[in-house]
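# Analysis of the macromolecular model
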Amino acid sequence: MAAVIQTQGLTKSYGKHRGIVDTNMTVNEGEIYGFIGPNGAGKSTMIKTLLNFLFPTSGSATVLGLDCVNESRRIKAQTAYVPSDIHYYEELTVGDLLSYSDGFYPEAEKEYTQQLVQRFELDTKKKIGQLSTGNKKKAALVAALSCRPKLMILDEPTNGLDPLMRQKLFEALLEQREAGCTIFLSSHNLDEVQSLCSRVAIIREGRIVDIKEIGVLSAERAKKVTVIGESIPDSFENEAIKIVSKTKGRIAFTYHSTDMGALLQLLSGMNAQDFLVEDLKLSDIFLAYYK
Amino acid sequence: MRIFKMEMRRGFRSLLLWTGISGVITLLFTLLYPSMLNSDMLALLNAKLEALPQEFVVAFHLSSDDITQLPNFFAYMFQFVLMAACIHGAMLGLTALSKEESEGTIEFLYAKPVARTQIVSGKLAAVAVSYLCYFAVISIVGVISGMLVRPEDLDFMDMVTSFKSVLLGGMIAGYTYLLLGFAVSVLLRKAKHAASMAVMLFFLTYIVGSIPAITGVLDFLKWVSPLNYFTPGDVVMDGINGTNVLISVLIMGASAALTYTMYRRRNFYV
């Protein structure tokens, strides 16, 4: 499978300040790749370096097989970018903005853009300055999708969208993936990343600290168990059980085994007043990286 | 072309405002000419000028010699319009690149398949055409208002020739400020200081350039102010100096080259 994004020791520092440090990452063709990390971890710096808004301090990166510095224009001819905060020309109407945006891409078609406008329920006569955050984001998404990109780089794409629009976006992204588009998705919403992405990279303090395959995590069928009771034992950790949190009358642990009988046996011996067993989410696993 | 069109569209209101104000000032100033033919008015003006410090008079070219002649009067009053025109030119240059970054819209534009040189070229072409329109309107207003007050003994073509030199010289000085501002704008991250920087750029060069005229020493400093190359009073008497045109063109070329070079290596901190 061809690498659509590949970074090799990519580093960007702002004087004494750290941006990203020695990052190595490969995003394959046709995958939805998650990119998560706390605020200030370097997510936006990574995106802006890939798009040549920023010049790398050292290391290199290729996007769609092209050098991110010297062939940036060719990269952008096939790449759509949706920023986290939308700063578009406030005096333009949505229609004018989309027309201006489409003008940069020979393959953009007016009819397809119109379909997207209807799908995302955009009012093309409204000025950008009059739009809410969510509607600005919708305009940005339509502008991004209308150019039929080979790669989409999305920074917090659902930020400001209502649940219905979020669902429509997910559907559109999955359609894009089916059509062969690769999607690089930076997000704080870990559940969103889990439901959409095939792999996820975690960045912390400028360094990529882990890369996980979502499929493998699901295959582990790990559970998160919360038990409430007056006299719960707190010394039952073993290879399959990791205690996550412990307060008076409440204990939470992860259970990494497919032996549900053993789990039920454990719970029945705990003198619990109540308990909750749920699938372990990405957020449970990666919350530690945010701390 | 796309960027050029967008820039023209975005700058249209500002162009109308500056053109309107400068045009009205040019018209009103020129219409004052008949009152200057009145000896009482001239005596009053001379008395006021004599009361000013000599250095101030020299620095701001306030000598009232021969302003009973329309071309001289036009040159005399146009130097004040030209100051505004040069500040406007510097402002156009200063905001051309920094505005987009300041407003964050560069994130939209630079995510498109455009080279940085295309962005600079599109914006430079837009401000250059906008400034040309501005000067064209002022020139037309100047000539029309001159026609309204032209004495019978002044040939129309002679008047137009004199005005043309003053206006053309002023336009070259204005473009020099525009290009200087354009080069400085690469270093700016926020456009909100552009207006004050334009005023500072103009008056700093103007005052430093006036030092030789005031003090009689440090003659080389006169080259600091692009306006000194085309002082309307000198241009109306001696015409446009070819060497000064060449120097202005070199400054403009160097500023443009510097802009392209710096912008290609610029980090966009959006």
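Keep in mind that what you see is a predicted model, and the values were worked out from it rather than measured.

### Describing the pattern of salt bridges
Residues and elements named next belong to chain A.
- The final tally for this structure, using the stated rule, is 16 salt bridges over all chains.
- With a shortest N-O distance of 3.4 Å, Glu90 and Lys136 are connected by a salt bridge. Of this pair, Glu90 sits in the loop between β6 (79-82) and α3 (94-102) while Lys136 sits in helix α5 (residues 133-146), placing them 46 residues apart in sequence.
- Exposure remark for Lys136: the relative accessible area of 16% places this residue in the buried category.
- The partner of Glu175 in a salt bridge is Arg119, with the nearest N and O atoms 2.8 Å apart. Of this pair, Glu175 sits in helix α6 (residues 163-178) while Arg119 sits in helix α4 (residues 110-119); the two residues are 56 residues apart in sequence, bridging distant segments of the chain.

### Things to note about α3 of chain A
- Within α3 of chain A, burial applies to Val94, Leu97, Leu98, Tyr100, Ser101 and Asp102 of chain A.
- On its buried side, α3 of chain A packs onto α4 and α5 of chain A together with α1 (2-10) and α7 (106-109) of chain B.

### Re the interface of chain A and chain B
- The interface of chain A with chain B comprises 28 residues on the first partner and 28 residues on the second.
- Across the chain A to chain B interface the summed buried area is about 2700 Å²; carbon plus sulfur atoms make up 60%.
- Summed over the shared surface of chain A and chain B, the number is 3 salt bridges.
- Arg9 of chain B serves as the salt-bridge partner of Asp96 of chain A, at 2.8 Å between the closest nitrogen and oxygen.
- Of all the secondary structure elements, the ones that give two or more residues to the side of chain A that touches chain B are β1 (3-14), α2 (72-76), β6 and α3 of chain A.
- Broken down by element, the side of chain A that touches chain B gets its largest block of residues, 4 residues, from α3 of chain A.
- In terms of residue class, the side of chain A that touches chain B is made up of 15 nonpolar, 6 polar and 7 charged.

### Details of unusual backbone geometry
- Its identity is not glycine, yet Asn52 of chain A carries a phi of approximately 65°, on the positive side.
- Looking at the secondary structure, you find Asn52 of chain A in the loop between α1 (43-50) and β4 (58-63).

### Some points on the environment of Ala61 of chain A
- For Ala61 of chain A, the location among the structural elements is in strand β4.
- By relative accessible area, which is 1% here, Ala61 of chain A ends up buried.

### Here we look at the packing of aromatic side chains
- With the rule as written, the count across this model stands at 26 aromatic pairs over all chains.
- Seen from their ring centres, Tyr76 of chain B and Phe80 of chain B are 6.0 Å apart, and the 90° between their planes marks the pair as edge-to-face. Residue Tyr76 of chain B and its partner Phe80 of chain B are both found in helix α6 (residues 70-103); the two are separated by 4 residues, about one turn of the helix.
- Overall, Tyr76 of chain B belongs to the buried group, its relative accessible area being 13%.
- With a relative accessible area of 30%, Phe80 of chain B lands in the partly exposed category.
- Ring geometry for Tyr131 of chain B and Phe135 of chain B: centres 5.5 Å apart, planes at 65°, overall edge-to-face. Residue Tyr131 of chain B and its partner Phe135 of chain B are located together in helix α8 (residues 116-149), separated by 4 residues, close to a single helical turn.
- You can call Tyr131 of chain B buried: its relative accessible area is 0%.
- The buried category is assigned to Phe135 of chain B, whose relative accessible area is 1%.
- In this structure an aromatic cluster arises from ring pairing among Phe53 and Tyr81 of chain A together with Tyr110, Tyr263 and Phe268 of chain B.
- The cationic tip of Lys76 of chain A hangs over the ring face of Tyr110 of chain B; the distance from NZ or CZ to the ring centre is 3.2 Å.
- When the ring centre of Tyr112 of chain A is taken as reference, the NZ or CZ atom of Arg148 of chain A above it lies at 3.9 Å.

So, how was this worked out
Residues numbered from 1 in each chain as written. Chains lettered and ligands numbered in written order. Predicted model: local features only at pLDDT ≥ 70, side-chain atom pairs only at ≥ 80, totals over all residues. Heavy atoms only, no water. Salt bridge = Lys/Arg side-chain N within 4 Å of Asp/Glu carboxyl O. Helix = DSSP H or I, 4+ residues; strand = E, 2+ residues; numbered from the N terminus. Buried < 20%, exposed > 50% of the residue type's maximum accessible area, 1.4 Å probe, protein only. Contact = heavy atoms within 4.5 Å. Buried area = accessible area lost by both parts, 1.4 Å probe. Nonpolar A, V, L, I, M, F, W, Y, C, P; charged D, E, K, R; others polar. Phe/Tyr/Trp six-rings, centres within 6.5 Å; stacked < 30°, edge-to-face > 60°. Lys NZ or Arg CZ within 6 Å of the ring centre and 35° of its normal.

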